[in-house]
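Listed below, chain by chain, are the residues.
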Amino acid sequence: MMRVPFVDLRAQHDELQTEIDVVLRQAIDESSFIGGPSLGRFEEHFAAYCGTAHAAGCASGTDALKLALMAAGVCPGTEVITVPHTFIATVEAITAVGAQPAFIDIEPTTYCMSADRMAQFLERDCRPGRDGHWVNGRTGRPIVAVLPVHLYGLTADMSPILEIADMYNLRVIEDACQAHGAAYEMGGRMVRAGAIGDAAAFSFYPGKNLGALGDGGAVVSSNQAWDQNMRMWLNHGQTERYVHVSPDGWNGRLDAVQAGVLDVKLKKLDEWNERRRRAVGWYRERLGGDERIVLPAEPDGRRHVYHLFVVRLPDREHARQRLAEQGVGVGLHYPIPLHLQVAYRDLGWKAGDLPESEAAAESILSLPMYPHLTEEQVDHVCSTLLGVLDER
Ligand SMILES: *Cc1c(COP(=O)(O)O)cnc(C)c1O
């Protein structure tokens, strides 16, 4: 039986083995593990890649989100508009800085934040507050920022989101943890994820499109004051050694070794994203004609980088089980919308409140996706899937 894994991280490192060996050897030779030239080099290259003035390496995507929210002025007692159809880290970062999520629904076709829902929520459910912020009528808390998620490698519909944010005095933080190299057309040119909002968070968790050999992240922005503050917080609230100016800091640094490895892998990111897109082409050829399968949308003016290849199926649980039994690696991103998670029970949301997010969670399935996926493997996944659907 042919087996197709859900992801294959081994293949990317085999491709770069020699260069990665050099980085690891050098780090040990120089015994410089925290900060140093390899971190600075990677930060410079990553900022240039995204098209921002600054990038600060940090310990994880979750830390990157926390840093960006803090820079945006999100603090205890405030709220951030976001979606429930995402990885929990999006919302964890909000509650970690003492704020609360104001959940709004997604667009069913792109799985990303609905700009219409955002406008509707602000128009209907919020009122102007005293300090220039709008206040959530249900909770009485000021809304400071909006946190759209570029889910699965596709950017949210950012032009209307930016426009609405401007009208309601909201900072825009992009959760770009799944969208390294994704782009969105603005004013006739493609702008990369990270350079669209006021700041953006990236994760370098090993399975992301750009992954470290462990945890890592970066927060990017073009605001120098924000960048300075974020660097200060992620390094114990210090501005120079043992001079601590903020009580809100922690150890949220990116290791020099990880930065060195990421710098090597960054050179491959565009090629690897292109290979993901080529694999999607093979999927589309084989599955495109079948009405039972909803393939991912790729709206005009957006470049999807397919961190995940997610389809919607009529009987998802059956397909999920039968594919796994037949050696096809599948995933579920994500099974329980965050507004219905036990962790957020106290926020008072109930089933039916955000129907598009709930419907997506019930019908989505993630099929194998990684740059080194072969046409033969895609062929096998597709024929197995079609066979499984015929069983019903
Ligand atoms: C991976 C991910 C994160 C968090 O990244 P970590 O590096 O694992 O902390 C945040 N948001 C989304 C959408 C993610 O996929």
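Our structure is the block above this text.
Let us look at the structure shown here.

Rules behind the numbers
Residues numbered from 1 in each chain as written. Predicted model: local features only at pLDDT ≥ 70, side-chain atom pairs only at ≥ 80, totals over all residues. Heavy atoms only, no water. Disulfide = S-S within 2.5 Å. Buried < 20%, exposed > 50% of the residue type's maximum accessible area, 1.4 Å probe, protein only. Pairing = 2+ DSSP bridges. Helix = DSSP H or I, 4+ residues; strand = E, 2+ residues; numbered from the N terminus. Polar contact = N/O pair within 3.5 Å; in protein donor to acceptor, adjacent residues only side chain to side chain. Contact = heavy atoms within 4.5 Å. Axes fitted to C-alpha atoms, helices over the stretch in contact; angles between N-to-C directions. Parallel < 35°, antiparallel > 145°, perpendicular 65-115°, else oblique. Left-handed = near helix turned anticlockwise from the far one by under 90°. Near = heavy atom within 4 Å. Areas by Shrake-Rupley, 256 points an atom, 1.4 Å probe, with all protein chains shown as cover. Nonpolar A, V, L, I, M, F, W, Y, C, P; charged D, E, K, R; others polar. Right-handed = clockwise from strand over helix to strand, strands pointing away. Core = buried A, V, L, I, M, F, W, Y, C linked by side-chain atoms within 4.5 Å. Phe/Tyr/Trp six-rings, centres within 6.5 Å; stacked < 30°, edge-to-face > 60°.

1. A word on the state of the cysteines
Then, in step 1: What the rule picks out here adds up to zero disulfides.
Then, in step 2: The cysteine Cys50 is free of any disulfide, with Cys177 supplying the nearest cysteine sulfur at 12 Å.
Then, in step 3: For Cys126, which is in no disulfide, the shortest distance to another cysteine sulfur is to Cys75 and amounts to 17 Å.
Then, in step 4: Its relative accessible area of 8% is what places Cys126 among the buried residues.

2. Quick look at the sheet that holds strand β8 (residues 183–186)
Then, in step 1: Taken in spatial order, the three strands make up an open sheet running β9-β8-β14, and their pairing is antiparallel. Edge positions in the open sheet fall to β9 (189–192) and β14 (302–303), since each of these has one partner strand only.

3. Here we look at the side chain of Thr90
Then, in step 1: Structurally, Thr90 can be placed in helix α5 (residues 89–96).
Then, in step 2: Its relative accessible area of 1% is what places Thr90 among the buried residues.
Then, in step 3: At 2.8 Å, the side chain of Thr90 forms a polar contact with the side chain of Thr86.
Then, in step 4: In this view, Thr90 contacts Leu65, Thr82, Leu147, Val149 and Asp175; residues no more than four positions away in its chain are not counted.

4. Topic: the packing of helix α3 (residues 37–50) against helix α9 (residues 256–266)
Each pair of packed helices can be summarised by the angle the axes make with each other and by the distance between the axes.
Then, in step 1: Two elements in contact, α3 and α9, have axes separated by 8 Å at closest approach and are oriented at 40°. Taken as axis vectors, α3 and α9 run oblique relative to one another. The two elements α3 and α9 meet at a crossing, and its hand is left-handed. Residue-level contacts link Ser38, Leu39, Arg41, Phe42, His45, Phe46 and Tyr49 of α3 to Ala256, Ala259, Gly260, Leu262, Asp263 and Leu266 of α9.

5. Some points on the site of the ligand
Then, in step 1: Every one of the 15 residues lining the ligand counts as a neighbour, but Gly61, Thr62, Gln178, Ser203 and Lys208 are closest to it.
Then, in step 2: A distance of 2.5 Å separates an oxygen atom of the ligand from a polar atom in the side chain of Thr62.
Then, in step 3: Contact distances for the ligand include 3.0 Å between an oxygen atom and a side-chain N or O atom of Lys208.
Then, in step 4: Isolated, the ligand exposes 380 Å² of accessible area, and the fraction of that covered by the protein chains is 93%.
Then, in step 5: Of all the elements in the fold, those that place two or more residues in the shell around the ligand are α4 (61–71) and α5.
Then, in step 6: Considering each element in turn, the shell around the ligand owes the most residues, three residues, to α4.
Then, in step 7: Its residues placed into classes, the shell around the ligand shows five nonpolar, eight polar and two charged.

6. Remarks on the pairing of strand β2 (residues 79–82)
Then, in step 1: Here β2 shows two buried faces, one formed by Glu79 and Ile81 and the other by Val80 and Thr82.
Then, in step 2: Judged from the four bridges that link them, β2 and strand β3 (residues 100–103) form a sheet pairing that is parallel. Bridge assignment links Glu79 to a residue of β3, and that residue is Gln100.
Then, in step 3: Following the chain from β2 across α5 to the adjacent parallel β3, one finds a crossover that is right-handed.
Then, in step 4: In terms of strand pairing, β2 meets strand β6 (residues 142–146) through three bridges, oriented parallel. Pairing of Val80 across the sheet is with Ala145, part of β6.

7. Looking at α9
Think of an α-helix as 3.6 residues a turn; residues three or four steps apart then line up on the same face.
Then, in step 1: Most of α9 is tucked away, with 10 of its 11 residues classed as buried.
Then, in step 2: Residues of α9 that are buried include every one of Ala256, Gln258, Ala259, Gly260, Val261, Leu262, Asp263, Val264, Lys265 and Leu266, and no others.
Then, in step 3: Taken together, the buried residues of α9 touch α1 (9–15), α2 (17–30), α3 and α10 (269–287).

8. What about the side chain of Gln12?
Then, in step 1: Structurally, the position occupied by Gln12 is in helix α1.
Then, in step 2: Owing to a relative accessible area of 2%, Gln12 belongs among the buried residues under this scheme.
Then, in step 3: Polar contacts involving the side chain of Gln12 include one to the side chain of Lys265, which spans 2.9 Å.
Then, in step 4: Each residue touching Gln12, except ones within four places of it in the same chain, is listed here: Lys265, Trp272, Pro371 and His372.

9. Here's the deal with the packing of α4 against α5
Then, in step 1: It is at 9 Å that the axes of α4 and α5 come closest, and there the two elements cross at 45°. Considered as vectors, α4 and α5 are oriented oblique to each other. Crossing angle aside, the handedness with which α4 passes α5 is right-handed. Residues Thr62, Leu65, Lys66 and Leu69 of α4 form the contact with α5, whose own contacting residues are Ala89, Thr90, Glu92, Ala93, Ile94 and Ala96.
Then, in step 2: Residue composition of the contact of α4 with α5, by class: six nonpolar, two polar and two charged.

10. Thoughts on the nonpolar core
Then, in step 1: If you look at the biggest cluster of nonpolar residues, it comprises 37 residues, and the most contacted ones within it are Ile81, Met118, Leu122, Val146 and Leu170.
Then, in step 2: If you list the elements that add at least two residues to this core, you get α6 (115–125), β6 and α7 (158–167).
Then, in step 3: A total of five residues in this core trace back to one element, the largest contributor, which is α6.
Then, in step 4: Counting residues in each nonpolar core, the second largest holds 30 residues, with Ala56, Ala93, Trp226 and Met232 among its members.

11. Brief notes about the environment of Glu163
Then, in step 1: Within the secondary structure, Glu163 is located in helix α7.
Then, in step 2: Placed 44 residues apart in sequence, Glu163 and Ala119 show a C-alpha to C-alpha distance of 9.8 Å.

12. A few points about the packing of aromatic side chains
Then, in step 1: Scanning the model with the defined rule gives 10 aromatic pairs in all.
Then, in step 2: Taken together, a centroid distance of 5.6 Å and an interplanar angle of 25° make the contact between Phe42 and Phe46 stacked. Residue Phe42 and its partner Phe46 are both found in helix α3; the two are separated by four residues, about one turn of the helix.
Then, in step 3: By relative accessible area, Phe42 is classed as buried at 1%.
Then, in step 4: Judged by its relative accessible area of 1%, Phe46 is buried.
Then, in step 5: For the pair Phe103 and Trp349, a centre-to-centre distance of 5.6 Å together with 75° between the ring planes defines the contact as edge-to-face. In this pair, Phe103 is assigned in strand β3 and Trp349 in the loop between α11 (316–325) and α12 (355–363), connecting sequence segments 246 residues apart. Trp349 carries the same exposure label as Phe103, and that label is buried.

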